[in-house]
Amino acid sequence: MDRKSGSSPWLFTLPSFLLCFLSLCPTHLCLGSDTDTISANRSISGNQTLVSSGGNFRLGFFTPGNSTYSYIGIWYNEVSVPNITVVWVANRDNPITDRYSTELKISGGNLVMVNDSRVTAWSTNLSTSSSGSSSTVAVLGDDGNFALKDGPNSSVTLWQSFDHPTHTWLPGAKLGIDKRKKHESALDIMEERRGPLASGTWDNQTKAFSLVPEMRLNYIYNFKYVDNENESYFTYSVYITDDTISRFVMDLSGQIWQVSWLPSSQSWNLFWSQPRQRCEVYRLCGPFGVCSDSTDNFCGCLRGFSISSPRDWNLSDWSGGCKRNSDLNCAANASNTEKDGFLPMSNMKLPEDPQSSNVGSDKECRAACLSNCSCTAYAFEDNDCSIWIGDLFSTQRPTQGDTPGKSFYLRLAASDVEDPSKKSNIAAIVAGSVSAAVAILAIVLFCVWRWRRRATVTTKTVEGSLIAFAYRDLQVATKNFSEKLGGGGFGSVFKGTLPDSSHIAVKKLESISQGEKQFRTEVSTIGTIQHVNLVRLRGFCSEGRRNSEQSENGAIKFFPTWAASKITEGGDLLDLLDPYLETSADPEELLRICRVACWCVQDEETRRPSMGQVVQILEGVLDVNLPQIPRALQLFLDNQEHVVFFTESS
């Protein structure tokens, strides 16, 4: 990726001015032609940045999102979607509040970041013996590596960012161990949380790990694993061209993504992720947390526990796990006071790291756990006793299709364990009370229903505040449409009175084809205006085939319902398109759009897809099944007749 010409035109158009200016300004405000280098006489501050020689990467101060803190980091120079994509952060544990009073420079052979009070916020922390002299420089490479060298043209690297990765692994960087320096390089997210990722053994012939089969079909990346007396590391390069931008990134949950930049769509394309399921991430939900891939939040707490840090959980960081609602009373287990109890947890993937206990029964296994103040759970199955010491990690609820889970017993304080005898007595009392209340309520409701049935019309409330009236009741209210108040080219208005003595005006549509547009406009206007001195839209009638023009399938041309019927009955969806498009559309894409639209307006919120699923469906990543027609639309499909709207006069 070549650096764009003319990136610093003022260097060439005002050379004389620069020669004078360089002798007058402070060193940390003046960058010469070597914009990829920090030296003893050159530093950066505020909005100043370094740019790698080929223009691939930029280094400087940045402020993420709505944060008030700033960091020194490296990001792609020509990628912004819509924000910069950061690949390395220096001071992630010690952010600053004022980048303009903070300076990144070389001091004593180290890279240091100091504020205006000369307090160090970050440093490479090299010892004096290994540090360079006044000729030490720091260079931002076109591979994204920020290296501290003992001279401008030296091949000796004193320190480099590739040895201290944060959440991103760039091509050419090594993940592994330097056996000489006893230094480990590993991906790590901002919260300093890291877990093992099972990869299996390395096959040098296929250049892939046994548990990562995607590597065998890789046409983009060239992976390499090296293990010798000096170091053991894993690295990769990109096959295609030098312009290909690719990276591995670990997100907050611990999942690793392999993504590549697509210039045509200006987006990152996911090539591979591991673990494939969120609940497979190492200790995702923290101590005493339970994971489920069938819920949006993934993590919850075991019974008798509550969230340790609600703030972190709201940010989707569940690593803090859960805390007990009540402390265990281990001392009571040897006395006559209330002892700890056990809560059965059924159909669960057992926590990690169980210990075996040589006992022969469930009762003895329970006693073995109860006698150890550090024991937090036990399980007894197939004459095998397992106990857990300390915090419980990686408990999981199986999802549909998974191998059925097992049972274990969670140790809780006596106050958090329900007494079965007390529970049965309470249940009996509650059941009796509820039965009596239901019987009385049923009698009262029946009486009220009988009374109201004589005095009210047949109505049904639909979406919002509109009411669906029966045609027969409107005939009664208007005396069979006998008192005409006025009329128009597509319908007449009749006076009516409801059983509650409220006066209404009923507009009866005579011909849809002649006045449908004008009628819709009038209904829309009345429906959106709410004022004490104006009429209010109260409801509608959609029933029968009285004096109505029918469309080809016997239903009114009411577009939502028309589209829904096309989807469910398998009609030609190209009929739904605007005539100006002349049926020029991909039928499969149109089917996905119509189906996902119908799913998005389901009556039950739990049946509607998330926006992430909608995007995946529209992109063709997920298949979408045939949706049910929402009840609000089904009302129109079932009735299939003309619509009579009426308004209540003030």
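Scroll up a little and you will see the structure.
Residues numbered from 1 in each chain as written. Predicted model: local features only at pLDDT ≥ 70, side-chain atom pairs only at ≥ 80, totals over all residues. Heavy atoms only, no water.

**Examining the environment of Val81**
In this fold, Val81 is placed in the loop between β5 (71-80) and β6 (84-89). Residue classification places Val81 among the partly exposed positions, given a relative accessible area of 33%. For the pair formed by Val81 and Gln266, sequence separation is 185 residues and the distance between their alpha carbons is 7.1 Å. Discounting residues that sit within four places of it in the chain, Val81 has contacts with Trp261, Gln266 and Trp268. (Helix = DSSP H or I, 4+ residues; strand = E, 2+ residues; numbered from the N terminus. Buried < 20%, exposed > 50% of the residue type's maximum accessible area, 1.4 Å probe, protein only. Contact = heavy atoms within 4.5 Å.)

**Here we look at the nonpolar core**
Within the largest apolar cluster, 43 residues are counted, with the highest numbers of intra-cluster contacts made by Leu104, Leu111 and Phe146. With four residues, β5 is the single largest residue contributor to this core. For Leu111, the residues in contact, after removing those within four places along its chain, are Leu104, Lys105, Ile106, Trp122, Ser123, Thr124, Ala138, Phe146, Leu148 and Trp159. (Core = buried A, V, L, I, M, F, W, Y, C linked by side-chain atoms within 4.5 Å.)

**Thoughts on the state of the cysteines**
Evaluation of the coordinates by the stated rule reveals six disulfides. With a sulfur-sulfur separation of 2.0 Å, Cys279 is cross-linked through a disulfide to Cys291. Disulfide Cys279-Cys291: torsion about the S-S bond near -85 degrees, hence left-handed. Remark: Cys291 occurs in strand β23 (residues 289-291) and Cys279 occurs in the loop between β22 (267-274) and β23; sequence separation between them is twelve residues. Take Cys279 and Cys291: they sit in the same class, and that class is buried. With a sulfur-sulfur separation of 1.6 Å, Cys330 is cross-linked through a disulfide to Cys373. With the S-S dihedral at roughly -75 degrees, the linkage between Cys330 and Cys373 falls on the left-handed side. One end of the pair, Cys330, is in the loop between β26 (322-324) and β27 (341-348); the other, Cys373, is in the loop between α4 (362-370) and β29 (375-381), with 43 residues separating them in the sequence. Here Cys598 stays unpaired: no disulfide links it, and the sulfur of Cys594, its closest cysteine neighbor, is 8.9 Å away. We classify Cys598 as buried; its relative accessible area is 6%. This cysteine, Cys600, is not joined by any disulfide, and Cys598 carries the nearest cysteine sulfur, 9.5 Å off. (Disulfide = S-S within 2.5 Å.)

**Re the pairing of β22**
Where strand β21 (residues 256-262) lies against β22, seven bridges are found, and the strand directions are antiparallel. In the sheet register, Ile256 faces β22, and the bridge partner there is Gln274. The hairpin formed by β21 and β22 contains four residues between the paired strands, and Gln266 there has a positive phi angle of roughly 50 degrees. (Pairing = 2+ DSSP bridges.)

**Some words on the sheet that holds strand β2 (residues 44-45)**
The four strands lie next to each other as β2-β7-β8-β9, forming an open sheet whose pairing is antiparallel. The open sheet has two edge strands with one neighbour each: β2 and β9 (120-123). Here five bridges tie strand β7 (residues 103-107) to strand β8 (residues 110-114), and the two strands are oriented antiparallel to one another. Across the sheet, Ile106 pairs through a bridge with Leu111, a residue of β8.

**Points about the pattern of salt bridges**
Across all of its chains, the model carries nine salt bridges by this definition. In this structure, the salt-bridge partner of Asp227 is Lys179, at a minimum N-O distance of 3.1 Å. With Asp227 in strand β18 (residues 221-227) and Lys179 in the loop between β14 (175-178) and β15 (183-185), the pair connects residues that are 48 residues apart, well separated along the chain. With its nearest N and O atoms 3.4 Å apart, the salt bridge here joins Arg472 to Asp473. Owing to a relative accessible area of 6%, Asp473 belongs among the buried residues under this scheme. Salt bridges sharing common partners tie together Arg283, Glu352 and Asp353. (Salt bridge = Lys/Arg side-chain N within 4 Å of Asp/Glu carboxyl O.)

**Looking at empty space enclosed by the protein**
Enumeration over the complete set of coordinates arrives at one cavity of 30 Å³ or more. Considering the residues around the largest cavity, the lining is formed by Val87, Trp88, Gly144, Ser161, Phe162, Pro165, Thr168, Leu170 and Ala173. Split into classes, the residues belonging to the lining of the largest cavity amount to six nonpolar, three polar and no charged. (1 Å grid on protein atoms, 1.4 Å probe; cavity = no way out; pocket = protein on both sides within 12 Å on 5 of 7 lines; lining within 4 Å. Points joined across faces, edges and corners; volume = space filled by probe spheres on them. Nonpolar A, V, L, I, M, F, W, Y, C, P; charged D, E, K, R; others polar.)

**Observations concerning the side chain of Asn56**
If you trace the backbone, Asn56 turns up in the loop between β3 (49-51) and β4 (57-62). Residue class for Asn56 comes out buried when judged on its relative accessible area of 12%. Of the polar contacts made by the side chain of Asn56, one reaches the backbone oxygen of Asp142; its length is 3.2 Å. (Polar contact = N/O pair within 3.5 Å; in protein donor to acceptor, adjacent residues only side chain to side chain.)

**Overview of the packing of aromatic side chains**
By the definition in use, this model includes 22 aromatic pairs. Look at Tyr471 and Phe481: their rings are 5.8 Å apart centre to centre, the planes differ by 40 degrees, and that puts the pair in the tilted class. Residue Tyr471 is found in helix α6 (residues 471-477), and its partner Phe481 is found in the loop between α6 and β35 (484-487); the two are separated by ten residues along the sequence. For Tyr471, a relative accessible area of 3% translates into the label buried. Ring geometry for Phe481 against Phe494: centres 5.3 Å apart, planes inclined by 70 degrees, an arrangement best described as edge-to-face. Linking Phe481 in the loop between α6 and β35 with Phe494 in strand β36 (residues 491-497), this pair joins segments that are 13 residues apart in sequence. The exposure class assigned to Phe494 is buried, which follows from its relative accessible area of 8%. (Phe/Tyr/Trp six-rings, centres within 6.5 Å; stacked < 30°, edge-to-face > 60°.)

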